[in-house]
Structure formats: C-alpha cells, structure tokens
Amino acid sequence: MEREQWAQLNEQSTKHRAQPNTHICTMISSSWTGGGRGRLRQAHSQLRSSYSAPPMVIEAAAAMAACSSIPLSLPTKANPHRRSPSGPRLLRLPAPPFSPLRSPLLAASARPASRLRTRASASPPAAPTKDYEFTDGNGEVELRLDIGKLGIESSRDVFVDVDDTSLLIRAKSDGTLRTLMNATTLFDRIKASETIWFIDEDQLVVNLKKVEQELKWPDIDESWESLTSGITQLLTGISIHIVGDSTDINEAVAKEIAEGIGYLPVCTSELLESATEKSIDTWMASEGAESVAEAESVVLESLSSHVRTVVATLGGKQGAASRFDRWQYLHSGFTVWLSVSDASDEASAREEARKSVSSGSVAYAKADVVVKLGGWDPEYTRAVAQGCLVALKQLTLADKKLAGKKSLYIRLGCRGDWPNIEPPGWDPESDAPPTNV
C-alpha cells in the first residue's frame, strides 16, 4: 500500500515541480479581547503551495493526560536528515500594548529563569449566548435571525452586505439602522455573488455558498470555539509541533492548543527532566547544549509514531529544532514556529521572515507555519494559540493532501526524506543518493 501511495505522490510532485510556485495571501481580521488589555488583532497570513500526497486519515483516541504519561524508548542516537527546501507559511500578529521580548530572531536566546509549568494565561470570558440559528448543509450554510420584535415592515428595511470572507447584516427599525450581525471573518470563504436572503415569517434567512464544499463549518465566524471544533477535520490526527526560541512560550501555547482541540499536551522538557531527574539548565551546564539537543531528538523519535498530540519543544540553543540536522522527526507533525519579532509593522515582519527562510540561517525556517509575535504576555496565550490554528487551517486548505503526505512519511518510518519522500525500501543510511529530488 505504501508503494502505491508513494507512486501517486511522486507523480503529483513531478507535475507540481513543472509549475511555478504559487503564493496565496489571505487577510485575517479576527480580533480578541482579554485581561483588560484591549484588542490584539491578527493581521496577515501568507501561504505557499507545497508538494502533496494522497490523503490518509489516522484515527486514534487520545485522552488529555500528563506529559510524562507518554512511554518512551531511548535509542542511542537519532538519524540525520536532509534539509527541507520548502519554506514556511507566515502569520503576523501585531504588537499588543505591552513591552515585547527583546530576543533576536537569528540567534537562539537563553531561556527565562521562570518556567511556565501550568498555563498562566487569563482566558477571555465565555462567548455570549447566540441570538441566531446556524446550520451547515451540502455546499452551503444557512443563518436564521429572529426579527419579529424589531418591527421590520418590509425587505427594503433589511441590508445584507457580504464579500468572500465577511458578512454584515443591518435592519432599519423605528427609524434607526441596527446592526444584527457583523461577522468580520467568516469561518471560511464563500461565493459572495451567490448569496441569497429572504424573510420567512419572523426570521431573516441568509443562505451562503461555500467555496470549500466539503469543509464542515461549526459556526458562522472564525472564533476560538469554531476553530477548535473545526480544525480537527483538517489535521486528521496528525500531531502539532511548536518550535521557537522560548521554551516557556512554546509550552504555554502548546497546552492552550491541546486543551482547545482535545489533543494530548506533551512537553519535551518535562519528559527529559523526568527521565534524568535533573533540570535542563543543570544538564546544559554539565554536559552542554549538544547533549540536550541529541536527547530531545531521541524523545521526538519516540513521539513521532503518536497521533493527536501537541508537542512543545525546547527553545533556544537547548532545542533540537534549532539545529538543521535534527528535524527528521519534527516533520512527522505540522510544525509551527513562534517567532518574537522587533519589527515595527506587518511589512517589516514579513520581510524579516522571508530573509530567514531564503538565507537558511535559522533552522526554525523549516517549519510549516510561522506565527510572528509583536511581543509576549501570558494573558495573550489564547490569542497566539488561535493565530496558530488560523494558520494551520489555511495551510491544510491550501494543500488538502498535506496531511496525507505527513501520514505517509510516518508510515514509512520518518526516514528524513521530507518533503521529497523516497520509495518504500529506501535506506537513509546507504550511500545511494536520493532519487526523488
């Protein structure tokens, strides 16, 4: 079966290489509130097309549990891998109103003294009760709003403004124009020109045609609740790996994502410290960063066969993710690079990410998704986690076969041949050059 899937993958990759690279840019205007700090607004996401593989769903149930519950087998070393030529996708989160971390992106920063062992974020208040009905049908979604008490006399008093990603519904009542709904970011794109609306007794009915007809919408907008409910159909069980310069940020965001989508949170730092009975800092001081990174690679190898996990990796010079030759098992999941940036605006942040990718000076640039942070505060953990899910949703929609390719990579043993997967039977330890490049 793996050979047949590899043959299909190889054929698709050949066709893809014959075409120029495609860039998909999507503006994201969702906003969050929390902690009395005001709003943090997502600004931009840039996606690139990638090689694809036939879809294959991995089904496995994983209950929420402590990080140390993952069984590990510790071989003596982790195999090297080739560097991935594909660049990451970019999501920019502008600076919130607090002082940013001052750590350069092109050099691994030292880990902060305090460790975030539990989630310290102040989650936003519960969503208000919905005053509408929402259903997802075959290729379309329907919205019903009660307007009986508004005294609307005719359809001329109703105004429905819609584009591919947003919906604004207003109505004139008692001489006043009222906003009934303002969904600034729909859960996914729609065919705006095919929108139909009408009044059915005391309800305003709006029918929207989906672009991605097979994508199930949990709700009308791209909220935290709808993202955490809807993203799993796109991830198909493939794990998520969080990388970046800060272990604390990686762990906080990974735990928030895992709690939201029902995956198992895993912290490599906790697994390593539990196994060795000493802190990472003590280990670093006595044996050096390379020893810690090698040990984390062994942990990642053991985790690579697991599904439905969100893995927080070590940050800075301590981590395997900061080394080009230790990404073999990180590629088994969707990788998200959390990058704290000193860029003053969105354009500067995008240029900063492009330079990191093109220069190849940072191993984190091998990640599937880049989330740019204008700063960091634990109160905004959920906002950053939501940004990660938005980027992963767009990534998997842009390449619907990417999850299947990750699955095939896992089934073949994570041999280090990502993204150009070699045929079954290929030996990464042999001297034979790769054939699928």
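See the structure above.
Given the structure is predicted, the values throughout are model-derived calculations rather than measurements. (Residues numbered from 1 in each chain as written. Predicted model: local features only at pLDDT ≥ 70, side-chain atom pairs only at ≥ 80, totals over all residues. Heavy atoms only, no water.)

**Description of a negative patch on the surface**
So, point 1. A contiguous patch of negative charge, built from Asp131, Glu133, Asp146, Glu201 and Asp202, is present on the exposed surface.
So, point 2. Take Glu201: it is sitting in the loop between strand 11 (196-200) and strand 12 (203-209).
So, point 3. A residue is classified by how much of its surface remains accessible, and Glu201, at 73% relative accessible area, is exposed. (Patch = residues over 30% accessible without salt bridge, like charges linked within 9 Å, V, L, I, M, F, W, Y side chains within 5 Å. Areas by Shrake-Rupley, 256 points an atom, 1.4 Å probe, with all protein chains shown as cover. Salt bridge = Lys/Arg side-chain N within 4 Å of Asp/Glu carboxyl O. Lys, Arg positive; Asp, Glu negative; His and termini not counted. Charge placed at Lys NZ, Arg CZ, Asp CG, Glu CD. Helix = DSSP H or I, 4+ residues; strand = E, 2+ residues; numbered from the N terminus. Buried < 20%, exposed > 50% of the residue type's maximum accessible area, 1.4 Å probe, protein only.)

**Looking at the pairing of strand 15 (residues 309-312)**
Regular strands place side chains that alternate from one sheet face to the opposite one.
So, point 1. The two faces of strand 15 match: Thr309 and Val311 on one face and Val310 and Ala312 on the other face are all buried.
So, point 2. The sheet contact formed by strand 14 (residues 264-267) and strand 15 spans four bridges and is parallel. By the bridge assignment, Cys267 is partnered in strand 15 with Ala312. (Pairing = 2+ DSSP bridges.)

**Observations concerning the sheet that holds strand 8 (residues 158-162)**
So, point 1. In space, the three strands of this open sheet follow the order 8-9-10, with antiparallel pairing throughout. Edge positions in the sheet fall to strand 8 and strand 10 (176-183), since each of these pairs with one other strand and no more. Here the average twist between neighbouring strands, direction ignored, is 15°.
So, point 2. Relative to strand 9 (residues 167-173), strand 8 is paired through five bridges, and the arrangement is antiparallel. Looking across to strand 9, one finds that Val160 is bridged to Ile169. (Axes fitted to C-alpha atoms, helices over the stretch in contact; angles between N-to-C directions.)

**Structural notes on the environment of Ala254**
So, point 1. Summarising the element assignment, Ala254 is placed in helix 4 (residues 247-261).
So, point 2. Relative accessible area serves as the criterion here: at 2%, Ala254 is assigned to the buried category.
So, point 3. C-alpha of Ala254 to C-alpha of Ile242: the two residues are twelve residues apart in sequence and 6.5 Å apart in space.
So, point 4. Leave out the neighbours within four places in its chain, and Ala254 touches Ile242, Val310, Val311 and Ala312. (Contact = heavy atoms within 4.5 Å.)

**Examining the pattern of salt bridges**
As a working rule, side chains carrying opposite charge can pair if their charged atoms are close by.
So, point 1. By the definition in use, this model includes 16 salt bridges.
So, point 2. Across the salt bridge formed by Lys372 and Glu352, the nearest N and O atoms sit 2.8 Å from each other. Here the residue Lys372 occupies a position in strand 17 (residues 369-373), and Glu352 occupies one in helix 8 (residues 346-359), the gap between them amounting to 20 residues.
So, point 3. Judged by relative accessible area, Lys372 falls into the buried class, the value being 0%.
So, point 4. Owing to a relative accessible area of 24%, Glu352 belongs among the partly exposed residues under this scheme.
So, point 5. The salt bridge partner of Lys406 is Asp368, with a shortest N-O separation of 3.1 Å. Of this pair, Lys406 sits in helix 10 (residues 402-411) while Asp368 sits in the loop between helix 8 and strand 17; the two residues are 38 residues apart in sequence, bridging distant segments of the chain.
So, point 6. Classification of Asp368 by relative accessible area gives buried; the value is 6%.

**Digging into the side chain of Arg144**
So, point 1. Of note, Arg144 is situated in strand 7 (residues 140-146).
So, point 2. A polar contact is formed between the side chain of Arg144 and the side chain of Glu142, at a distance of 3.0 Å.
So, point 3. Only 3.3 Å separates the side chain of Arg144 from the side chain of Asp200, close enough to count as a polar contact.
So, point 4. Those residues in contact with Arg144 that sit more than four places away from it in its chain are Tyr132, Glu133, Asp200, Gln203, Leu204 and Val205. (Polar contact = N/O pair within 3.5 Å; in protein donor to acceptor, adjacent residues only side chain to side chain.)

**Some words on the nonpolar core**
So, point 1. In terms of nonpolar packing, the biggest core is built from 96 residues, with Leu143, Ile169 and Ile257 touching the most fellow members.
So, point 2. Here the element with the most residues in this core is helix 9 (residues 381-398); it accounts for nine residues.
So, point 3. Not counting residues up to four positions away in its chain, the partners in contact with Ile257 are Trp224, Ile240, Ile242, Val310, Ala385, Cys388 and Leu389. (Core = buried A, V, L, I, M, F, W, Y, C linked by side-chain atoms within 4.5 Å.)

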